[in-house]
Amino acid sequence: SERILEDVFIKRSQQKRKTSPLNFKERLFILTQNKISYYDYDPEKGKKKGLKGTVDIEKIKCVENVVPEKNDPAERQYPFQIIYDEGPLYIFAKTEEVRKQWTHKLKQVVRFNKDLVQKYHPRFFVDGIWLCCQQGGETSPGLPSAGD
Ligand code: 4IP
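Below: a short report on this structure. Here the structure is a predicted model, which means the values were calculated and not measured.

**A few points about the pattern of salt bridges**
Opposite charge on two side chains permits pairing when their charged atoms draw close.
Stage number 1. Tallied over the full model, the rule gives seven salt bridges.
Stage number 2. The partner of Asp 56 in a salt bridge is Lys 59, with the nearest N and O atoms 3.4 Å apart.
Stage number 3. Judged by its relative accessible area of 29%, Asp 56 falls in the partly exposed class.

Laid out in structure tokens, this is it:
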């Protein structure tokens, strides 16, 4: 279906397996009404390469900003999280404006999802711990979201 937004972001590896590395890759993200797709990207040619992953819009439970950590590099100052059944997908926008544009649109496309949650963790999940509350386990409920 039709493209709603398209931008190059940095994403954190989702660490779907226990042995997955924690790393950050530049990817081209495309949002449509049904899904988010991210692609390998050639920055020199400004060209889209192979598809790396997708998230179905209907599986998204929450979209929120993340508080960056003190020592995070300049290119990772505007993080947001997309929470779905696989856990959180962390994405880093280059500017506050672009982050706002994406979180705003995403909140719009997920608004009738049946599994939306009011609670989320405002900081990152690192080494099995949420930095905001020191809770372990990816299924811990988190804090009330803003406006709750
Ligand atoms: C990969 O690291 C990439 O970061 C993948 O991201 C990521 O998949 C992998 O995590 C991680 O192991 P290497 O390239 O060094 O192997 P991308 O798909 O954007 O290339 P995600 O799921 O984040 O897309 P796992 O746990 O999913 O394998």
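**Quick word on the pairing of strand S4 (residues 47-56)**
Stage number 1. Sheet analysis places strand S3 (residues 35-42) next to S4, joined by seven bridges and oriented antiparallel. Bridge pairing in S4 links Tyr 38 to Gly 53.

**Side note on unusual backbone geometry**
Stage number 1. Despite not being glycine, Asp 127 has its phi angle at roughly 50°, a positive value.
Stage number 2. Note on placement: Asp 127 falls in the loop between strand S9 (125-126) and strand S10 (129-130).
Stage number 3. You will see that Gln 134, though not glycine, has its phi angle at about 60°, which is positive.
Stage number 4. If you trace the backbone, Gln 134 turns up in the loop between S10 and strand S11 (143-144).
Stage number 5. Gln 134 gets classed as exposed once you look at its relative accessible area, which sits at 55%.

**Things to note about the nonpolar core**
Stage number 1. The biggest cluster of nonpolar side chains holds 20 residues, and the ones touching the most others in it are Ile 36, Ile 60 and Leu 106.
Stage number 2. Sorting the residues of this core by element identifies strand S1 (3-12), strand S2 (24-32), S3, strand S6 (78-84), strand S7 (87-93) and helix H1 (96-109) as the ones contributing at least two each.
Stage number 3. Each residue touching Ile 60, except ones within four places of it in the same chain, is listed here: Ile 36, Val 55, Ile 82, Ile 83, Tyr 84, Val 110, Asn 113 and Leu 116.

**Focus on the site of the ligand**
Stage number 1. Contacts to the ligand come from 13 residues, most closely from Lys 16, Arg 17, Ser 20, Asn 23 and Tyr 38.
Stage number 2. Take Lys 16: an N or O atom from its main chain is 2.6 Å from an oxygen atom of the ligand.
Stage number 3. Here an oxygen atom of the ligand sits 2.7 Å away from a polar atom, N or O, in the side chain of Arg 17.
Stage number 4. A per-class count over the shell around the ligand returns two nonpolar, five polar and six charged.

**Brief notes about the pairing of S2**
Remark: a regular strand shows side chains that alternate across the two faces of the sheet.
Stage number 1. Bridge count for S1 against S2 is nine bridges, and the pairing is antiparallel. Within S2, the position partnered with Lys 11 by the bridge is Lys 25.
Stage number 2. Sheet analysis places S2 next to S3, joined by four bridges and oriented antiparallel. Note on S3: the bridge partner recorded for Leu 28 is Tyr 39.
Stage number 3. Between the antiparallel neighbours S2 and S3 lie two residues.

**Some words on the packing of aromatic side chains**
The geometry of two aromatic rings is summed up by the distance between their centres and the angle between their planes.
Stage number 1. For the coordinates displayed, the defined rule picks out eight aromatic pairs.
Stage number 2. Ring geometry for Phe 9 versus Phe 29: centroids 5.7 Å apart, planes at 55°, classification tilted. With a gap of 20 residues between them, Phe 9 in strand S1 and Phe 29 in strand S2 connect regions that are remote in the sequence.
Stage number 3. Judged by relative accessible area, Phe 29 falls into the buried class, the value being 0%.
Stage number 4. Ring centres of Phe 125 and Trp 130 lie 4.5 Å apart, and the angle between their planes is 45°; this geometry places the pair in the tilted category.
Stage number 5. Owing to a relative accessible area of 3%, Trp 130 belongs among the buried residues under this scheme.

Rules used throughout
Residues numbered from 1 in each chain as written. Predicted model: local features only at pLDDT ≥ 70, side-chain atom pairs only at ≥ 80, totals over all residues. Heavy atoms only, no water. Salt bridge = Lys/Arg side-chain N within 4 Å of Asp/Glu carboxyl O. Buried < 20%, exposed > 50% of the residue type's maximum accessible area, 1.4 Å probe, protein only. Pairing = 2+ DSSP bridges. Helix = DSSP H or I, 4+ residues; strand = E, 2+ residues; numbered from the N terminus. Core = buried A, V, L, I, M, F, W, Y, C linked by side-chain atoms within 4.5 Å. Contact = heavy atoms within 4.5 Å. Near = heavy atom within 4 Å. Polar contact = N/O pair within 3.5 Å; in protein donor to acceptor, adjacent residues only side chain to side chain. Nonpolar A, V, L, I, M, F, W, Y, C, P; charged D, E, K, R; others polar. Phe/Tyr/Trp six-rings, centres within 6.5 Å; stacked < 30°, edge-to-face > 60°.

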